[in-house]
Amino acid sequence: MTTLFIAVAVLITGCGGPSKPASPDGPPRTGGTLKLSISAEPGCLDAHAVSATQQALLGRILYDTLTTVDEHGNIAPYLAESWKVSPDGKSYTFKLRKGVTFSDGAHWNAEALKANFEHMRDPKTKSPLAAAYIAPYQSSQVVDEYTLKVQLSYAYTPFLYNLAQSWLGILSPKAIKESPQILCDKPIASGPFVLEKYQRQQSITYVRRPDYNWAPSWLKHQGSAYIDRIEITVVAEPVVRYNSLLSGQYDITESAPPQNAEALKKNPNFTYENLVRTGNPWVLMFNLSRAPFNDLKVRQAFVAAVDAPAITRSIGFGTFTPKDNYLATPTKYYDKSTEGKLKYDVTRANQLLDAAGWTGRDADGYRTKNGKRLIVIAPTVEAATPTPQLVQIQGAVKKVGIDLQIVQLPQAQLTERRYDGDYDAMGGVWHTNTPDVLYIRFHSSEITGKRIGQNAAYLNDPQLDKILQTARETPDGPEAAKLYGEAQQRLVELVPGLPLYENSSQWAYNKLVKGIQIDTSHPIPVFTTAWIGS
């Protein structure tokens, strides 16, 4: 690997207030309160301790990151001013931006960055994501106040991409050292807003930080945010989120209801966004560590029995994009040639189940083998009605004799079942800004053990492991593209789950809210440059 050195000049301005980029709506106005409804909140605001989707949105309010992804998709400076990668790819020397402070008065420097790396991987943090994203991290050496040398166990190309994500936001080193036990409820960071109040499962309030002056360059904005306050309320019911947006109770809603998408698009008072996230699509993951999905023929039959495009159209009201492979289309190194290989074919599904030995039928019409029914247990979160995609999948596989049993559980019990591997199938998505999502989701080292892993399929394939390990050690370029293509082809052969649709970020806001920009790592709104018009 050749030595890589990146150095980009960062514009520094005085602290006299926000700059005013050109706007077709006139100069931005300072002040006001932005009211936002969200479908759920993470249950913890320590970025390093959660993997919840909502952290992508909340993280950009409170946190800064070490790196960023610019408007062209390239890694760029943020709190790191530049970095140098060793020829073997195992060490990164970061030159850090000066003049950055945390809201508790602590200073951003090499010691602060080292404290954050250690907090991410500390078992007490119980990190379900950040620890995995820096898994090759071994140690850090403070070279001088603003220079940190990081040692990895092997070359790891996704490192800089992962450091740009909200789940690896930078916390105050003072807070990490003095009060780590309260970081879930009272995180302290260096971002454009400061946490004022947090009521779990109810609301979050942030206030503008007046001395903020180190936004990433792609925002094209220096200085503090324009909005004084952001008030976030958890509104679980989609119809309530929609109606309260229309009524003006909220200015913006996260997880805009798909059934209201057409109405929002036609309403001249609102902007509706439907953006596909990079990473994994929605997949009903099969547990390959136990029957019945330890049999490839059963996995293939289950997928062939489901008309994924029809279900996708039904539950997404035309806003979801069907998927038949395991990597989101916008993701770097996506292999289009994997499309069309997992097909809806009921005749083939029946043939595969016959070949797998499930030739008997019980009184209810379900397949049996050696007197046992072909049952698939699929736990899901407790709700007024079961997850609609599971209900429709249940009906589809029943036609070929598979008894899909949906078990609704409180979130705590569902999480326990997930990490104990006590299920046959479990649905979910995984968003990240790098194709290394395939490693996170399918490499055997990511099966939950001493560390919480995200290989929910319990897939253990030496051939795939080798491809994915080599891919994450390979610099960006044609060889990396080849390896990630091979990994995607292998996954289609292994069938670790039923892919259904792309993971979309759907949100809507009143057009009185101006200046919203879309994050470059996560397709979600950023409020640093937002302002409220009239």
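Residues numbered from 1 in each chain as written. Predicted model: local features only at pLDDT ≥ 70, side-chain atom pairs only at ≥ 80, totals over all residues. Heavy atoms only, no water.

Observations concerning the pairing of strand β14 (residues 279-286)
To be explicit about the condition: We call a residue buried when its accessible area falls under 20% of the maximum for its residue type, exposed when it is over 50%, and partly exposed in between, using a 1.4 Å probe and counting protein chains only. What counts as a helix is a DSSP run of H or I of at least four residues, what counts as a strand is a run of E of at least two, and both are numbered from the N terminus. Only when DSSP finds a minimum of two bridges between them are two strands counted as paired.
With eight of eight residues buried, β14 lies mostly within the body of the structure. For β14 and strand β20 (residues 425-431), the ladder comprises six bridges, and the chain directions are antiparallel. What sits directly across from Phe286, in β20, is Ala425.

Structural notes on the packing of helix α14 (residues 462-473) against helix α15 (residues 478-494)
Applicable threshold: To get an axis, fit a line to the C-alpha atoms, keeping to the stretch in contact for a helix; angles then go from 0 to 180 degrees between the N-to-C directions. Orientation is classified from the angle alone, with under 35 degrees giving roughly parallel, over 145 giving roughly antiparallel, 65 to 115 giving roughly perpendicular, and any other angle giving oblique. By definition, any crossing whose near helix is turned counterclockwise from its far helix by less than a right angle is left-handed, and any crossing with a clockwise turn is right-handed. Contacts: residue pairs with any heavy atoms within 4.5 Å of one another.
At a minimum axis distance of 9 Å, the contact between α14 and α15 shows a crossing angle of 155°. As judged from the angle between their axes, α14 and α15 are roughly antiparallel. For the element pair α14 and α15, the recorded crossing hand is left-handed. Counting all contacts with α14, which are made through Gln463, Leu464, Ile467, Leu468, Thr470, Ala471 and Arg472, the residues of α15 involved are Leu483, Tyr484, Glu486, Ala487, Arg490, Leu491 and Leu494.

Overview of the state of the cysteines
Definition in use: The rule for a disulfide is simple: a pair of cysteine sulfur atoms within 2.5 Å.
The full count for this structure, using the stated rule, is one disulfide. With its sulfur 2.0 Å from that of its partner, Cys44 forms a disulfide with Cys184. Between Cys44 and Cys184 the sulfur-sulfur dihedral comes to about -80°; the bridge is accordingly left-handed. Highlighted residues: Cys44 in the loop between β2 (33-38) and α1 (54-62) and Cys184 in the loop between α5 (173-178) and β9 (193-199), separated in sequence by 140 residues. Residue classification places Cys44 among the buried positions, given a relative accessible area of 5%. Classification of Cys184 as partly exposed rests on a relative accessible area of 22%.

Observations concerning the side chain of Lys514
Cut-off, in case you're wondering: Polar contacts, as used here, are pairs of N or O atoms within 3.5 Å; protein pairs need one atom able to donate a hydrogen and one able to accept it. Residues neighboring in sequence count only if both atoms are side-chain atoms.
Secondary-structure assignment places Lys514 in strand β23 (residues 513-514). Under the relative-accessibility criterion, Lys514 is labelled buried at 17%. Polar side-chain contacts of Lys514 include one of 3.0 Å to the backbone oxygen of Lys511.

Focus: the packing of aromatic side chains
Filter applied, for reference: Each Phe, Tyr or Trp ring, with Trp reduced to its six-membered ring, pairs with another whose centre is within 6.5 Å; inter-plane angles below 30 degrees give stacked pairs, above 60 give edge-to-face pairs, and intermediate values give tilted ones. Whether a charge sits over a ring comes down to the Lys NZ or Arg CZ being within 6 Å of the ring centre and within 35 degrees of the ring normal.
Considering all chains together, one arrives at 19 aromatic pairs under this definition. Taken together, a centroid distance of 5.0 Å and an interplanar angle of 70° make the contact between Tyr92 and Phe159 edge-to-face. Of the two residues, Tyr92 is situated in strand β6 (residues 91-96) and Phe159 in helix α4 (residues 159-162); the sequence distance between them amounts to 67 residues. Comparing Tyr92 with Phe159 shows no difference in burial state: the two are buried. Note on Trp282 and Tyr501: the rings are 5.8 Å apart at their centroids and 15° apart in plane angle, and the pair reads as stacked. One end of the pair, Trp282, is in strand β14; the other, Tyr501, is in strand β21 (residues 497-501), and 219 residues separate them in sequence. Tyr501 matches Trp282 in its accessibility class, with the two residues each being buried. By way of ring pairs, the aromatic residues Trp83, Tyr92, Phe94, Phe117, Tyr137, Tyr154, Tyr156 and Phe159 are connected into one cluster. Sitting over the ring of Tyr439, Arg472 keeps its end group 3.4 Å from the ring centre.

Some words on the confidence of the model for the protein chain
Put simply, the test is: The quantity called pLDDT is the predictor's confidence in a given residue, expressed from 0 to 100.
Summarising the model, the protein chain shows a mean pLDDT of 93, and 95% of its residues fall at 70 or more. This stretch, residues 1-22, has a pLDDT under 50; its non-local contacts, to residues over four places away or in other chains, come to 49 contacts.

Description of helix α10 (residues 346-355)
Rules: Arc definition: it is the arc formed by the directions from the helix axis to the C-beta atoms.
Restricting attention to buried positions, one finds in α10 the residues Ala349, Leu352 and Leu353. For α10, the buried positions fall inside an angular range of 95° around the axis, keeping them on one side. Seen from the buried face of α10, the exposed residues on the opposite side, beyond 90 degrees, are Thr347, Gln351 and Ala355. Looking at the buried side of α10, the elements it contacts are α8 (296-304) and β16 (367-369).

Some thoughts on the sheet that holds β14
If you walk across this open sheet you meet the three strands as β20-β14-β21, and the pairing is antiparallel. This sheet does not close on itself; its edge strands, each paired only once, are β20 and β21. With strand direction ignored, the average angle separating the axes of adjacent strands in the sheet is 25°. Lying on the sheet, α8 is in contact with β14 and β21; it crosses β14 at an angle near 115°.

Notes on the environment of Ile75
Take Ile75: it is sitting in strand β4 (residues 75-77). Ile75 sits in the buried class, given a relative accessible area of 15%. C-alpha separation for the pair Ile75 and Thr470, spaced 395 residues apart in sequence, amounts to 21 Å. Contacts of Ile75, omitting those with residues within four sequence positions, involve Thr67, Thr68, Val69, Trp83, Leu160 and Tyr161.

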